[in-house]
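# Summary of the model geometry
Residue-level listing of the chains:
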Amino acid sequence: MAEEKILLVEDERNVARFIQLELEHEGYAVTAVEDGEQALSSFEEEEWSVILLDWMLPKLDGLEVCRRVRKKSAVPIILLTARDYIGDKIAGLDTGADDYITKPFEIEELLARIRAVARRYKGSAPEEEKETYRYEDLVVDLKSRQVTRGGNPIELTQREFDLLVFLLKHKEEVVSRDWMLSAVWGYDFLGETNIVDVYIRYLRNKVDKAYEPKLIHTVRGVGYVLRRTS
């Protein structure tokens, strides 16, 4: 099996050294850099299994690095952050991060998150990239990751896109929050369960708000359903 390579972006050298030693002990190949510009340079030079990305960095902060990486790659990104406010966590996920972990953390938790995001990344089926989903006037092209409704392009973040595809795969079927959380965020996701409601709200604002008929509906006490009428 090929060695898994992790790019660690952390400007606190003691923290970076500790994480690097622990991950290398677990068999990962780790390259550590200290600022956002080095992170982007290293990202371009290698193929990475996972990127561990500190939020507060010199030169370019973690969110900007995440944003630029996401324009070119779906490589798993875990944000390392001392910011514990839910709005900050959502901002990180909305920018394209796959997960986040709040400092200080136990190395066992970080390892679990690395395994989870790497497993989901490896498990993505390449055949799906050729598929197109259509429902009413909503069209989602998986290969180009383009979304249109009524012929109008709709820009979605990676997480919003994945959630919409899940709903389309289960159109006219009531899906629970737990099921969506497991399918889109992964069984090992350790964040708050209300993140599903937050992203459903984002989707409605982009996919439903300006259009008729409304497609995303709440089923009280259960979850959500994608269908033409409530």
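Residues numbered from 1 in each chain as written. Predicted model: local features only at pLDDT ≥ 70, side-chain atom pairs only at ≥ 80, totals over all residues. Heavy atoms only, no water.

Spelled out, the test is: UniProt positions are given in the numbering used here, feature names are shortened, and annotations may be inferred rather than shown by experiment.
Per an unreviewed UniProt entry, the recorded name for the protein is Response regulator transcription factor, and the organism is Halobacillus yeomjeoni. Within the UniProt record for the protein, the comment given under Subcellular location (unreviewed entry) is "Cytoplasm".

### Focus on the packing of helix H6 (residues 158-169) against helix H8 (residues 195-208)
Where we set the bar: Between the N-to-C directions of two axes lies an angle of 0 to 180 degrees, each axis being a line fitted to C-alpha atoms and, for a helix, fitted only over the stretch in contact. Here a strand is any run of E in DSSP of at least two residues, a helix any run of H or I of at least four, and the numbering for each starts at the N terminus. When an angle is under 35 degrees it counts as roughly parallel; over 145 it counts as roughly antiparallel; between 65 and 115 it counts as roughly perpendicular; any other value is oblique. Should any heavy atoms of two residues lie within 4.5 Å, those residues are considered in contact.
Where H6 meets H8, the closest approach of the two axes is 10 Å, and the angle between their N-to-C directions is 85°. Classed by the angle they form, the pair H6 and H8 counts as roughly perpendicular. Contact residues: Arg159, Glu160, Leu163, Leu164 and Leu167 in H6; Tyr199, Ile200, Tyr202, Leu203, Lys206 and Val207 in H8.

### Here we look at the nonpolar core
Note the following rule: The term nonpolar core refers to a set of buried residues drawn from Ala, Val, Leu, Ile, Met, Phe, Trp, Tyr and Cys, joined through side-chain atoms within 4.5 Å. To sort residues, take the accessible area from a 1.4 Å probe on protein chains only and compare it with the maximum for the residue type: under 20% means buried, over 50% means exposed, and anything in between is partly exposed.
Core analysis: the largest hydrophobic core is formed by 55 residues, its most contacted members being Ile51, Leu53, Val140, Leu164, Met180 and Trp185. Val140 has contacts with Glu131, Thr132, Tyr133, Gln146, Val147, Phe161, Leu164, Val165 and Leu168, leaving out every residue within four places of it along the chain. Grouped together as the second largest cluster of nonpolar side chains are 19 residues, Ala16, Val30, Ile114 and Val117 included.

### Observations regarding the environment of Asp162
Within the secondary structure, Asp162 sits in helix H6. In sequence terms Asp162 and Trp185 are 23 residues apart; their C-alpha atoms lie 9.2 Å from each other. If we ignore the near neighbours within four places in the chain, the residues touching Asp162 are Arg145 and Val184.

### Quick word on helix H1 (residues 13-25)
Rule in force here: Multiply 1.5 Å by the residue count of a helix minus one, and that product is the helix's expected span. Note that the arc is computed from the directions linking the helix axis to the C-beta atoms.
Along its 13 residues, H1 runs 18 Å from first to last C-alpha, staying within 8% of the 18 Å computed at 1.5 Å per residue. All buried positions along H1 are accounted for by Ala16, Ile19, Gln20 and Leu23. The arc that holds every buried residue of H1, seen down its axis, measures 100°, which confines them to one face. Opposite its buried face, H1 presents the exposed residues Asn14 and His25, each directed more than 90 degrees away. One or two positions beyond H1, positive phi appears at Gly27, with a value near 100°.

### Focus on unusual backbone geometry
With an omega of -5°, the peptide bond running from Lys103 to Pro104 counts as cis. Mapped onto the secondary structure, Pro104 falls in the loop between strand E5 (99-102) and helix H5 (107-122). Backbone torsion omega between Glu212 and Pro213 reads -5°, so that peptide bond is classified as cis. Topologically, Pro213 is positioned in the loop between H8 and strand E11 (216-219). One non-glycine residue, Glu136, lies in the positive phi region at around 55°. As for its placement among the helices and strands, Glu136 is situated in the loop between strand E6 (132-135) and strand E7 (138-141). Here Glu172, not a glycine, exhibits a phi torsion of approximately 65°, which is positive. By the secondary structure assignment, Glu172 is in the loop between H6 and strand E10 (175-176).

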